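# Commentary on secondary and tertiary structure
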Amino acid sequence: MPLTGLESKDLKMIIFGGKGGVGKTSCAVACAIGLAENFKTLVISTDPAHSVSDSLEQEIGFRLQPVHKVANLTAIEISADEAFKEFKKEHRTELVKLFDTSTNFDEEDIQQMMSLSIPGIDEVMSFKTIIDLIEENNYEKYVVDTAPTGHALRLLSSPILLDEWIRMAAKMRWKYRYMIESFSGEYKEDEADVMLLNLKKTVKRIAALLGNSEKSEFIPVCIPEDMAIMETERLLAELRNFKITSRQLILNNVMESDESGFCRQRKAAQLKYIVKVHDRFKNLQVVIVPLFPDEIKGVTALKRLKEVLFDENRELNRDAI
Ligand SMILES: Nc1ncnc2c1ncn2[C@@H]1O[C@H](COP(=O)(O)OP(=O)(O)OP(=O)(O)O)[C@@H](O)[C@H]1O
Ligand SMILES: [Mg+2]
């Protein structure tokens, strides 16, 4: 089976995730290269390790970069730190106002508060950057590469975290608003209220996109090993909690050759896990990707992986398994 349904007009965001080292970045970038043949595509890395640069052998970083040797493909590696810094710079007045009017903080406390990191803010800012990019609507497909499971789950839970933060801030504001109203009889919305309202809208937009199975899809990447399968099961259970859709799974590093005794042994060892994957993830289509003789690095190698991911005749080639 090749990857299916990704050409669907409504499908905007495709997220790749899974255990460490199973091939998420390689598959995400190869998939983006495949989609770029027909769609204007943006590949987004949310992994602080920023391996998209390594995979493409091209320095990407936190700005939109056309990918060399691939028409229609742009890449960006989101820096949560930078995104948070930009957010603070852009909303400095509103944030100071929020702390100033809602707390007993003095100027020094506020300065300190502004320089502190808020738990979970990294992922929130990463996701805010993704949703902003999607809403700018300059691309037809957005392929997201994530860091290993835990980080990806924090990323996906970021709307919930941000929502909690907004609720707490809004509560403090209500007290302030009540005070103003009691003294002066009327309260006019200020820039801090507008910022909170806009953040709330961002949360709603993220949740709406993630929860819409027509618009977004999560593709777990797994390898034929027990620990990877167990982690994928946990990941999929969490995704269901977040109401995120998965339709297909990539089973990577599958041994196809039986040229040597070693290959035959590895292939035999993998077989029970391949069967287990089909059995455990019955509701998902399994896309088998062979273990390549070399690591997948650079556009030429990634294009070879792309061929496998989108190969309509793949099922026929699988006789070997
Ligand atoms: N099918 C394959 N055949 C051979 N090598 C592969 C295959 N898939 C991935 N690799 C290699 O395995 C290594 C890990 O792949 P990759 O970086 O894509 O994994 P990852 O899941 O993104 O890792 P991380 O969890 O660190 O982000 C890389 O060196 C890549 O070239
Ligand atoms: Mg990676």
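Residues numbered from 1 in each chain as written. Chains lettered and ligands numbered in written order. Predicted model: local features only at pLDDT ≥ 70, side-chain atom pairs only at ≥ 80, totals over all residues.

## Quick look at the overall build of the protein chain
- The helix and strand tally for the protein chain stands at 12 helices and 8 strands.
- The C-alpha extent of the protein chain, read off along each of the three principal axes, is 85 × 40 × 35 Å.
- Within the protein chain, buried positions represent 38% of all 321 residues.
- Restricting to contacts in the protein chain with at least 6 residues of sequence separation, those with at least 24 account for 77%. (Helix = DSSP H or I, 4+ residues; strand = E, 2+ residues; numbered from the N terminus. Buried ≥ 20, exposed ≤ 12 C-beta atoms within 10 Å, placed from the backbone. Contact = placed C-beta atoms within 7 Å.)

## Considering the domain arrangement of the protein chain
- In terms of domain boundaries, the protein chain breaks down into domain 1 (13–79 + 123–169 + 213–320) and domain 2 (83–121 + 174–199).
- Computed from C-alpha coordinates alone, the two centres of domain 1 and domain 2 are separated by 38 Å.
- Taken residue by residue, the interface counts 15 residues in domain 1 and 10 residues in domain 2.
- Within the residue set of the side of domain 1 that touches domain 2, elements represented by two or more residues are α6 (121–136) and α7 (149–184).
- Here the element with the most residues in the side of domain 1 that touches domain 2 is α7; it accounts for 7 residues.
- Each residue belonging to the side of domain 1 that touches domain 2 can be placed in one class, and the counts come to 8 nonpolar, 4 polar and 3 charged. (Domains from an automatic or database assignment. Nonpolar A, V, L, I, M, F, W, Y, C, P; charged D, E, K, R; others polar.)

## A look at the packing of helix α1 (residues 24–35) against helix α11 (residues 298–309)
- Direction vectors running N to C along α1 and α11 enclose 75°, while the axes themselves pass 8 Å from each other. Between α1 and α11, the interaxial angle falls into the category roughly perpendicular. Judged by residue contacts, Ser-26, Cys-27, Val-29, Ala-30, Cys-31, Ile-33 and Gly-34 of α1 engage Leu-302, Lys-303, Leu-305, Lys-306 and Leu-309 from α11.
- Class assignment for the residues of the contact of α1 with α11 results in 8 nonpolar, 2 polar and 2 charged. (Axes fitted to C-alpha atoms, helices over the stretch in contact; angles between N-to-C directions. Parallel < 35°, antiparallel > 145°, perpendicular 65-115°, else oblique.)

## What about the nonpolar core?
- In this structure, Cys-31, Ala-32, Val-43, Val-143 and Leu-309 are the most contacted members of the largest nonpolar core, which totals 81 residues.
- Examining the composition of this core, we find that 8 residues originate from one element, α1, more than from any other.
- Residues from two domains meet in this core; each of domain 1 (13–79 + 123–169 + 213–320) and domain 2 (83–121 + 174–199) gives at least three.
- In contact with Val-143, other than residues within four places in its own chain, are Ile-14, Ala-28, Cys-31, Ala-32, Leu-35, Thr-41, Val-43 and Ile-44. (Core = buried A, V, L, I, M, F, W, Y, C linked by C-beta atoms within 7 Å.)

## Description of unusual backbone geometry
- Not every positive phi belongs to a glycine, and Asn-72 is a case in point at roughly 75°.
- As for its placement among the helices and strands, Asn-72 is situated in the loop between β3 (65–66) and β4 (73–77).
- Judged by the 19 C-beta atoms lying within 10 Å of it, Asn-72 falls in the partly exposed class.
- Unlike most non-glycine residues, Lys-243 shows phi in positive territory, near 60°.
- Judged by C-beta crowding, with 11 C-beta atoms within 10 Å, Lys-243 ranks as exposed.

## Details of the packing of α7 against helix α8 (residues 191–210)
- Closest axis-to-axis distance for the α7/α8 pair is 10 Å, and the angle between their directions is 155°. Between α7 and α8, the angle falls in the class roughly antiparallel. Classified by chirality, the crossing of α8 by α7 is left-handed. Residues Leu-156, Pro-159, Leu-162, Asp-163, Ile-166, Ala-169, Ala-170 and Arg-173 of α7 touch α8, and the partners they reach there are Ala-192, Asp-193, Leu-196, Leu-199, Lys-200, Val-203, Ile-206, Ala-207 and Leu-210.
- The class makeup of the residues in the contact of α7 with α8 is 13 nonpolar, no polar and 4 charged. (Left-handed = near helix turned anticlockwise from the far one by under 90°.)

## Some details on the environment of Leu-6
- With respect to the secondary-structure elements, Leu-6 resides in the segment before β1 (13–18).
- Taking the C-beta count within 10 Å as the criterion, Leu-6 has 21 such neighbours and is therefore assigned buried.
- Once residues within four sequence positions are removed from consideration, Leu-6 is found in contact with Leu-11, Ile-14 and Leu-35.

## Remarks on the pairing of strand β6 (residues 216–222)
- A large share of β6 lies buried, amounting to 7 of its 7 residues.
- Judged by which residues are buried, β6 turns out to be covered on both faces: Ser-216, Phe-218, Pro-220 and Cys-222 on one side and Glu-217, Ile-219 and Val-221 on the other are all buried.
- Of the strand pairs in this sheet, β1 and β6 are connected by 6 bridges, and their pairing is parallel. The residue bridging Ile-14 from the neighbouring strand is Glu-217, located in β6.
- The handedness of the β6 to strand β7 (residues 248–254) crossover, carried by helix α9 (residues 226–241), is right-handed. (Pairing = 2+ DSSP bridges. Right-handed = clockwise from strand over helix to strand, strands pointing away.)

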